[in-house]
Amino acid sequence: QVQLVESGGGLVQAGTSLRLSCLASGSIFDINGMGWYRQASGKQRELVAIIRNGGGTDYADSVKGRVTISRDFAANTVYLQMNILKPEDTAVYYCDARIRATWYKEFADYWGKGTLVTVSP
């Protein structure tokens, strides 16, 4: 059983920073990429940032320059450092990881349950 658990969300004021964490645990043979997505109320889930095994990253245009994704390979943890937060960053943030649970299984996408980030004006 694979689990992704996010933490670090909360209520913050605009202009401040927040760091989200996501720990992948359970039956994990290999991880091929991890990322963060978000879903604001009434909107579709959207990509925030991803990080590949080689360290390459991609960011949504709306967060470029304000957000940094990083990963601790040994700890199966991915982080999202968010700076200069804006009210439009308010959303539930979800962690995603492409994981192979055992050597004989294919990679599959796993999701956390999300952590709420609320940015007040």
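Everything below is about the structure printed above this text.
Residues numbered from 1 in each chain as written. Predicted model: local features only at pLDDT ≥ 70, side-chain atom pairs only at ≥ 80, totals over all residues. Heavy atoms only, no water.

**Describing the state of the cysteines**
Inference 1: In the structure shown here, the tally under the stated rule is one disulfide.
Inference 2: Residue Cys-22 pairs covalently with Cys-95 via a disulfide, S to S 2.1 Å. Residues Cys-22 and Cys-95 share a disulfide whose torsion about the S-S bond is about -80°; that sign makes it left-handed. Of the two residues, Cys-22 sits in strand β3 (residues 18-26) while Cys-95 sits in strand β9 (residues 91-100), which places them 73 residues apart along the sequence. You'll find Cys-22 and Cys-95 in the same group, each marked buried. (Disulfide = S-S within 2.5 Å. Helix = DSSP H or I, 4+ residues; strand = E, 2+ residues; numbered from the N terminus. Buried < 20%, exposed > 50% of the residue type's maximum accessible area, 1.4 Å probe, protein only.)

**Observations regarding unusual backbone geometry**
Inference 1: Even without being a glycine, Asn-76 presents a positive backbone phi close to 50°.
Inference 2: Counting through the fold element by element, Asn-76 comes out in the loop between β7 (67-72) and β8 (77-82).
Inference 3: By relative accessible area, which is 23% here, Asn-76 ends up partly exposed.
Inference 4: Even without being glycine, Ile-84 reaches a positive phi, approximately 45°.
Inference 5: By secondary structure assignment, the location of Ile-84 is in the loop between β8 and β9.

**Some thoughts on the sheet that holds β3**
Inference 1: Spatially, four strands are ordered β1-β3-β8-β7 in an open sheet, and the strand pairing comes out antiparallel. Two strands lie at the open edges of the sheet, namely β1 (2-7) and β7, each paired on one side alone. With strand direction ignored, the average angle separating the axes of adjacent strands in the sheet is 15°.
Inference 2: Where β3 and β8 come together, six bridges link them in antiparallel fashion. From the neighbouring strand, Arg-19 faces β8, where its bridge partner is Gln-81. (Pairing = 2+ DSSP bridges. Axes fitted to C-alpha atoms, helices over the stretch in contact; angles between N-to-C directions.)

**What to know about the environment of Gly-56**
Inference 1: Locating Gly-56 in the fold gives a position in the loop between β5 (46-51) and β6 (57-59).
Inference 2: Since its relative accessible area comes to 28%, Gly-56 is described here as partly exposed.
Inference 3: Along the sequence, Gly-56 and Val-2 sit 54 residues apart, while their C-alpha atoms lie 24 Å from each other.
Inference 4: In contact with Gly-56, not counting residues within four places along its chain, are Ile-50 and Ile-51. (Contact = heavy atoms within 4.5 Å.)

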